[in-house]
Amino acid sequence: MKAVSLEEAVAMIPDGASIMVGGFMGVGTPERLLDEVVRQKKSDLSLICNDAATPGKGVGKLFDATLVSRLTATHIGLNPKAQQQMLANQVAVDLIPQGTFAERIRAGGCGLGGVLTPTGVGTLVAEGKRQIEVNGKPFLLETALRAQFALVHAFLADYLGNLAYALTSRNFNPVMAMAADTVIVTAEHIVPVGVIAPDHVVTPAPLVDYIIMNSNG
Amino acid sequence: MKAVSLEEAVAMIPDGASIMVGGFMGVGTPERLLDEVVRQKKSDLSLICNDAATPGKGVGKLFDATLVSRLTATHIGLNPKAQQQMLANQVAVDLIPQGTFAERIRAGGCGLGGVLTPTGVGTLVAEGKRQIEVNGKPFLLETALRAQFALVHAFLADYLGNLAYALTSRNFNPVMAMAADTVIVTAEHIVPVGVIAPDHVVTPAPLVDYIIMNSNG
Amino acid sequence: MDAQEIIARRVAQELRPGNLVNLGIGIPTLVANYVSPDLKVFFQSENGLIGTGPIPEQGMEHPLLTDAGGRPISALPGACTFDSAMSFGLIRGGHVDVTVLGGLQVDASGHLANWMIPGKMVPGMGGAMDLVSGAKRVIVAMQHAAKGKSKIVKQCNLPLTSARPVSLVVTDMAVIDFADGKATLLETAPGISVGEVMAVTEAELAVPDKVPEMRL
Amino acid sequence: MDAQEIIARRVAQELRPGNLVNLGIGIPTLVANYVSPDLKVFFQSENGLIGTGPIPEQGMEHPLLTDAGGRPISALPGACTFDSAMSFGLIRGGHVDVTVLGGLQVDASGHLANWMIPGKMVPGMGGAMDLVSGAKRVIVAMQHAAKGKSKIVKQCNLPLTSARPVSLVVTDMAVIDFADGKATLLETAPGISVGEVMAVTEAELAVPDKVPEMRL
């Protein structure tokens, strides 16, 4: 793990990159990283995030700045700008069930080939997908999902990179921290090694590549 | 969740039952429950446990008392009695890779049809199993694993049934607590509601059916 | 009592002690208002919490403690948090005893459509598909009709949420059960006759000899 | 220096700063003794810990803190614990930079057999298959020969641990690399000639013009 500034971290992300962003309706989203992505005008992004948040909040800022070309999400109903950009074919949107979304990312991070889920069988979601029978029951084969970058928000990070999350801001952050080539983290508090008890660490330090220095943001 | 005595809890388990038992080489195993299973001579058990521990320890006690007919495990090399019973065809043993073991149980608890894993492709483990290609890479389809009972050992349990684990005794306990029809728990400490912080609960209360009263053991 | 209150009060009667319950947004959210704390029901919020409590007093909200719509909530003593893979493991794995969801249409065989109106509303399915596929019991809480048109239809013409039928539909006019794959009228709302229900229901309903009124 | 120390010291040189490393039982365990703390390597124990430390002083052991063999260990500051699904998610998902394992046979194409001798030893594969399938780099640490017989064979006749070849084999006589799918002699042990290595190696080895000695 390396401690870096916001500018340095975001400068590593090329235009056209695939990025996973933690958060659920903007809760648990690394806001400072997104502000810097907007400032550096990183464009043509393939965004993987549970939802489109709302204008001005969380990944909603990326839609405000029209930086997203592709979106994989479970729900965008509360962001009219994302809806407009989808209907105008400015953003290619893949909407998938939330449990499938979580599990596909987990599979990507855990080296699994995909997920066999009952969710979506017999619905529009099944179109174009392989259906596999196991013990006489049908499941959809949903493929693993990974990204070049994961932008993760933690509550506590220690100097090694161990992370702990608070309340409902945990959501997709831990699975995303396993499913990207480069993991960049903001934390509400950066604390000395040992402050987070071993049993309370959720994301082990070796998974984290960069932590944004708090003095910098 | 209901608080019960050891006797009551084990009396619910019929001969021939399938039971998952937490623990790794006996660490994190509910010893008191196993002692009572032996005392009540529950026989013909289908045991699902990472290993066979050692004679006199953990699930090793079940082999000492020859109560096991079928074993699904990853390693039995440190229990000569289990080895003997396997070689004498007294116990039908299915040895599977440890990551596959963990993931099959997780799939059983999470409503997934199975696991697509690269582990075991091109080895003896692949025999008789479906191989599925995803994006040109081969994976084994390993089916989900469930049991009638899970015997789980926690460090802390609260009056509602929330569980937290300590150090390396966590191991398979959390996944097993999701993958059985009936979940029976022993805990080192039973504590008032609120003592375990929400972010430190690993197994949510609604998953737990019975907790053994500590006065009783 | 308005339509929403009738529905929410009647659904609340379906919850059993110790149940793990997931409430969708809209009418389902109101159900929590009519559940006695003595019942010790656990409410799950699929963004990662079991043990949701009432909306906190002003000034006591925490930005990292919200419901699935992003609104501030509280956590009861004994609450616990978890990541989204675990949250949907609980849902898909059958650990949620009851989910209560809104609906656009339910058809005679219990199929639910509640996530999309082609060419009009495409917000995404969020967690609805997993909830209907995985919860032990699925209850739909919705108005019986919209703009005079029955929402209990012969066959859904909107995209289905799941191939799995729901267990029960509770509307402002009736309770309809879907055991054995057929729609049966179980109860009517106070002051509503069986004939009135049948008149605004497109799907065929089995009607037992006695159809009691809801006791609210 | 005995055979085990030669192997352990040489393997330790393969670890890079910040690596996440999993050591198997036997010779691989000894590797930790020769890794400088300055390197800030993380050691994983697959029973659920990153940050394993040395064996605790007598009387300071905790029964719930053990290695994968059930022996007491300690945890360094900054250690973390997790369940087995997470532990093997780390392994299978390529998050473990280096795994060091013992071996029964490694063949010319880098295939490892280390878990079973049919009709004789069937202890189970434990975590070995996942480690060889998933770790970024797989290093085999073993004696070059057993009872005079080469353990570096033309083709494994024991059941394979994985279809994926290993990266490197370190023995008491040599370091053999398996890049590009062929076995290449990289180094010899102190005082051992290339000819001596070749004489006790069944598999064909590519031998570069210069084969340096290990620097231990």
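Everything here concerns the structure above.
Quick notes on the rules
Residues numbered from 1 in each chain as written. Chains lettered and ligands numbered in written order. Predicted model: local features only at pLDDT ≥ 70, side-chain atom pairs only at ≥ 80, totals over all residues. Heavy atoms only, no water. Helix = DSSP H or I, 4+ residues; strand = E, 2+ residues; numbered from the N terminus. Rg over C-alpha atoms; globule rule 2.2 N^0.38 Å. Buried < 20%, exposed > 50% of the residue type's maximum accessible area, 1.4 Å probe, protein only. Contact = heavy atoms within 4.5 Å. Areas by Shrake-Rupley, 256 points an atom, 1.4 Å probe, with all protein chains shown as cover. Lys, Arg positive; Asp, Glu negative; His and termini not counted. Charge placed at Lys NZ, Arg CZ, Asp CG, Glu CD. Axes fitted to C-alpha atoms, helices over the stretch in contact; angles between N-to-C directions. Parallel < 35°, antiparallel > 145°, perpendicular 65-115°, else oblique. Left-handed = near helix turned anticlockwise from the far one by under 90°. Nonpolar A, V, L, I, M, F, W, Y, C, P; charged D, E, K, R; others polar. Buried area = accessible area lost by both parts, 1.4 Å probe. Polar contact = N/O pair within 3.5 Å; in protein donor to acceptor, adjacent residues only side chain to side chain. Pairing = 2+ DSSP bridges. Phe/Tyr/Trp six-rings, centres within 6.5 Å; stacked < 30°, edge-to-face > 60°.

> Provide a residue-level description of the overall build of chain A, including the pertinent values.
Along its length, chain A carries six helices and 12 strands. Taken against the 2.2 N^0.38 rule, which gives 17 Å for 217 residues, the C-alpha radius of gyration of chain A at 17 Å falls within 12% of a compact globule. Dimensions of chain A along its principal axes, counting C-alpha atoms only, are 55 × 40 × 30 Å. Each of the 217 residues in chain A was classed as buried or not, and the buried ones make up 64%. Taking as baseline every contact in chain A between residues at least 6 positions apart, the subset at least 24 positions apart corresponds to 71%. Carbon and sulfur atoms provide 51% of the accessible area of chain A, an area that totals close to 7,000 Å². Across chain A, the mean location of the 16 positive side-chain charges is 2 Å away from that of the 19 negative side-chain charges.

> How would you summarise the overall build of chain C if you had to cite specific residues and measurements?
If you tally the helices and strands in chain C, you get five helices and 14 strands. Its C-alpha atoms give chain C a radius of gyration of 17 Å, within 12% of the compact-globule value 17 Å for 216 residues. Dimensions of chain C, computed from the C-alpha atoms along their principal axes, are close to 50 × 40 × 30 Å. By residue count, 59% of the 216 residues in chain C fall in the buried class. In chain C, the proportion of contacts linking residues at least 24 apart, taken out of those at least 6 apart, comes to 62%. Per element, the accessible surface of chain C, about 9,000 Å² overall, is 54% carbon and sulfur. Side chains of chain C carry 17 positive and 21 negative charges; the gap between the two charge centres is 3 Å.

> How would you sum up the packing of helix 5 (residues 98–110) of chain A against helix 3 (residues 84–92) of chain C? Please name residues and give values.
In contact at an axis separation of 9 Å, helix 5 of chain A and helix 3 of chain C are set at 125° when each is read in the N-to-C sense. With respect to their mutual orientation, helix 5 of chain A and helix 3 of chain C come out oblique. The handedness of the crossing between helix 5 of chain A and helix 3 of chain C is left-handed. Across from A:Q98, A:G99, A:T100, A:A102, A:E103 and A:R106 in helix 5 of chain A, the residues of helix 3 of chain C making contact are C:S84, C:A85, C:F88 and C:R92. Of the residues belonging to the contact of helix 5 of chain A with helix 3 of chain C, the class tally is three nonpolar, four polar and three charged.

> Could you give an account of the interface of chain C and chain B, with specific residues and numbers?
Counting residues at the interface gives 16 residues for chain C and 19 residues for chain B. Roughly 1,400 Å² of surface becomes buried between chain C and chain B when both sides are summed, with 68% attributable to carbon and sulfur atoms. Taken together, the links from chain C to chain B amount to six residue pairs in polar contact (both at pLDDT 80 or more). Sorting the residues of the side of chain C that touches chain B by element identifies strand 4 (74–81) and helix 3 of chain C as the ones contributing at least two each. In terms of residue class, the side of chain C that touches chain B is built from 10 nonpolar, five polar and one charged.

> Break down the sheet that holds strand 6 (residues 105–107) of chain C for me, citing the residues and quoting the values.
All names here are of chain C. Taken in spatial order, the three strands line up as 7-6-11 in an open sheet, and their pairing is mixed. In this open sheet, the two edge strands, each paired with only one partner strand, are strand 7 (112–113) and strand 11 (152–153). Here strand 6 runs beside strand 11; their pairing, made up of two bridges, is parallel. Across the sheet, V106 pairs through a bridge with I152, a residue of strand 11.

> Can you lay out the packing of aromatic side chains for me, pointing to particular residues and giving the numbers?
All names here are of chain A. Counted by the stated rule, this structure contains four aromatic pairs over all chains. Plain terms: the ring middles of F101 and F172 are 5.2 Å apart, the flat faces sit at 75° to each other, and that makes the pair edge-to-face. Pair noted here: F101 is in helix 5 and F172 is in the loop between strand 10 (163–164) and helix 6 (173–176), with a separation of 71 residues, a long-range link. Given a relative accessible area of 0%, F172 falls into the buried group. Pairwise contacts between aromatic rings join F24, F101 and F172 into one cluster.

> Any details on the sheet that holds strand 11 (residues 152–153) of chain D? Residues and values, ideally.
The three strands lie next to each other as 7-6-11 (chain D), forming an open sheet whose pairing is mixed. Each having just a single partner strand, strand 7 (112–113) and strand 11 of chain D make up the two edges of the open sheet.

Everything listed here is a matter of geometry and, on its own, says nothing about what the molecule does.
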